[in-house]
Structures are given as structure tokens and as C-alpha cells.
Amino acid sequence: MTNISDLANYIHSPDCKSIAFLTGAGVSVASGIPDFRSPGGMYDTLRPELLTCNEFERNLMKIDPTHVVNWDMFKNNAFPYLEVRRPFILGTRNRQWKATIAHRFAELLHKKTEKLTRVYTCNIDGLYGQCNSIPNEKIVNVHGSLDKISCEGCGRGMDYDEFCNTVAKNIKDIYGIDPSAPKESSPVLCPACNNPLMKPSTVLFGRSLPDEFWSRTEQDLPHVDLLIIAGTSLVIAPANSLVYTVPKTCRRVVVNLNEVGKGLGLDYSTTNDERRSDLFLQGGCDEIFLQLIQELGWVESLDIDCLPKASAKMVKEAREKIKNIT
């Protein structure tokens, strides 16, 4: 494969039977959710002086902002995590953000071809959950999800709406966007063990990935014909292991602003060796996946009402161009 047209032809071909995705923050950018690692993201803009913590914890976060999502920090003080995550937790409950063209492509692929084996997403935003035509078992939230709640201590779950209501009532707003938020934070207690360890079931640094990740990869990867890697920097292990665990016969496609994963064996050269060269499609995820949807002849199947405004505008413009050509 050398271009997006070749990719569309391969997806349609009988040689391609099993397709898996590995996705990161880039597939959600068009929804308006800020990512963590980019300039302006959560780590870049973290202000430890606003958080409920002691001086030692504050200095740790100044040195390395990822401490805010670290198990060692959370088990001693859950407030920094909950205060930073507050607008994302409540925004997810209110469906403040919509699944993008990139998310909807996976849904269309399943509906049109039934070749979708699995979506492995490193995102915690739960946006694939809005793609109702994708069965839940086909989505693996590698790092957990904001819309599922559990206690980090005893594992007890909590009703999602109950948790969100408690967060709204107990956790202060460090962003100054919610006038109804309390001035000071108070604990969100587990109803079973009474410890202040209730949180979305996102994976903290220092904790293990869900068992589902290991069981699904063992089941899926030996049989994957096409791996689509989208919007991820491929720097976080073990999720990035999918890149080199698929068979040598598997075609790999990377959708990103920059070439990534060369250290993992991705090869964007035009020469052929025992593994076919990998296809790099440079651009924003919504832009590239819309092009692919057009190549596949599926653009009329996109539901504009379910997309973010900017994404819906792109689809309308694409449809107008098609009309003008025909």
C-alpha cells in the first residue's frame, strides 16, 4: 500500500478479514477535549498551587505533573486527581464532547464490513461508547474510562450518576467555571470500605492494566490483517507493543501529524523487505479518516448530527464537493 486509495481497496478486498485499531488522544482532539501531553494540555497547564495538597506533594507535581495521576499520590491524597479531573468527569456525564469522524469510522467499518475485530484505545474519554453500533466487547479501554467508577482500595463500584453528583457537591473547581462548586474539597468515600478512594476506573501510573487488555491481545493479534494506529505518539508501554506483536503479514497504517514508532519497527520507506513497508498518512485524524470514508464510498452514511460542529462542517463540505463532481 502506498496511498489512501490502496488502503480503501485493501479494506474492501477478501484478503483483509480482521482489522484492529490502536488509538490515542489525536482521535479525540476534534471533539474539543484537551489532551495531556501536548502544549496547552493538562500536564503543561497544571497549577499545583491551586490543588488541595501539602507542600511535599505540590513540589512533586511541579517537578513532574504526572504525579497528579500517580497511585502513590492518590492513595495518600485523592484530591489533586479529583480536582484536576472534575470538569472532565462532569463533562463526560453531560456528553459535553461528541465522538469524532475518527471514532465514527470504526463504527462504519463494523456496520459496513463486519471486519472490525477490536478497538484498543488509550483514551479515557469514553467517546467510543457513543458509537452504539460497536458492541461493547469490541472496545478495550486500555487505560480505563471516565464513565466507569470503582474504588481503588476494595474494587467496589458506584453508580455513575451518584458518583458525578458527589464530585459536583464535594470537589472544588480549580478552573473557576462552576459557581456552584464548593470552596473546599471534601472526601468522596467508598460505600463499602469507607475509604476516600472512589474514582473513575482510569489506570493510574503504578497500577496494572486491565486483565482484558492481555486476554484480548493474546486472542486477537495473531490473526489481524490490518492494524490502524491513529493519534498516538506510541511512547507508552505496553499499549505500544501491539505495533510489533501483530504478524509480519499484517499491514500497518499510521494516521498522525508526525511519523512515530520507528523505534518499534515501523518502516515508512518505499523499499520492501520481509515485512511490507508501513503506510504513513500525515494529517489530523478527522481529516484523514474522512478522506478514507470518501474512498470507501461511505460519506453519506455519516450522521452529521452526532458529530462535533467542526467535524460536521467537514462532512458537509465533502458531500458538496462530491455533488459538484457528479
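Residues numbered from 1 in each chain as written. Predicted model: local features only at pLDDT ≥ 70, side-chain atom pairs only at ≥ 80, totals over all residues. Heavy atoms only, no water.

Caption draft 1: Quick peek at the sheet that holds strand β3 (residues 139–141). Overall, parallel pairing links the six strands, which are arranged β3-β2-β1-β6-β7-β8 in an open sheet. Two strands lie at the open edges of the sheet, namely β3 and β8 (279–282), each paired on one side alone. Pairwise comparison of adjacent strand axes, ignoring direction, gives a mean angle of 15° for this sheet. Both strand β2 (residues 116–121) and β3 contribute to a ladder of three bridges, which runs parallel. Paired with Y120 across the strands is V140, a residue of β3. (Pairing = 2+ DSSP bridges. Helix = DSSP H or I, 4+ residues; strand = E, 2+ residues; numbered from the N terminus. Axes fitted to C-alpha atoms, helices over the stretch in contact; angles between N-to-C directions.)

Caption draft 2: Region of interest: the layout of surface pockets. Here the second largest pocket defines a volume of roughly 510 Å³. Around the second largest pocket sit 24 residues that line it, and N141, G144, S145, K148 and S201 are the ones nearest its centre. Elements with a contribution of two residues or more to the lining of the second largest pocket: β3 and β4 (149–151). Residue composition of the lining of the second largest pocket, by class: eight nonpolar, ten polar and six charged. (1 Å grid on protein atoms, 1.4 Å probe; cavity = no way out; pocket = protein on both sides within 12 Å on 5 of 7 lines; lining within 4 Å. Points joined across faces, edges and corners; volume = space filled by probe spheres on them. Nonpolar A, V, L, I, M, F, W, Y, C, P; charged D, E, K, R; others polar.)

Caption draft 3: The pattern of salt bridges, seen in detail. The tally for this structure, following the rule as stated, stands at 14 salt bridges. Between D161 and R93 there is a salt bridge, with its nearest N and O atoms 3.4 Å apart. Taken together, the residues D161 in helix α7 (residues 160–170) and R93 in helix α5 (residues 79–93) connect sequence positions 68 residues apart. Judged by its relative accessible area of 26%, R93 is partly exposed. With its nearest N and O atoms 2.9 Å apart, the salt bridge here joins E107 to R104. With E107 and R104 both in helix α6 (residues 101–113) and three residues apart, this pair spans about one turn of that helix. Across the pair, R104 and E107 agree in class, each one buried. Here the salt bridges share partners, and the residues they tie into one network are E152, K199 and R207. (Salt bridge = Lys/Arg side-chain N within 4 Å of Asp/Glu carboxyl O. Buried < 20%, exposed > 50% of the residue type's maximum accessible area, 1.4 Å probe, protein only.)

Caption draft 4: Geometry of the nonpolar core. Membership of the largest hydrophobic core comes to 80 residues, with the highest contact counts inside it found for I11, F21, F105, F163, L226, F289 and L292. Among residues more than four places away in sequence, those in contact with F21 are F105, A106, L109, L116, R118, V119, Y120, L227, I228 and F289. Among the nonpolar cores identified, the runner-up in size contains 23 residues, and C122, L221, L227 and V254 belong to it. (Core = buried A, V, L, I, M, F, W, Y, C linked by side-chain atoms within 4.5 Å. Contact = heavy atoms within 4.5 Å.)

Caption draft 5: How the structure looks around the packing of α6 against helix α10 (residues 285–296). Taken N-terminus to C-terminus, the directions of α6 and α10 make an angle of 35°; their axes are 8 Å apart at the nearest point. The handedness of the crossing between α6 and α10 is left-handed. Listed contacts from α10 to I101, A102, F105 and L108 of α6 are C285, D286, F289, L290, L292, I293 and L296. When grouped by side-chain class, the residues that make up the contact of α6 with α10 number ten nonpolar, no polar and one charged. (Left-handed = near helix turned anticlockwise from the far one by under 90°.)

Worth remembering: the numbers are spatial, not functional.
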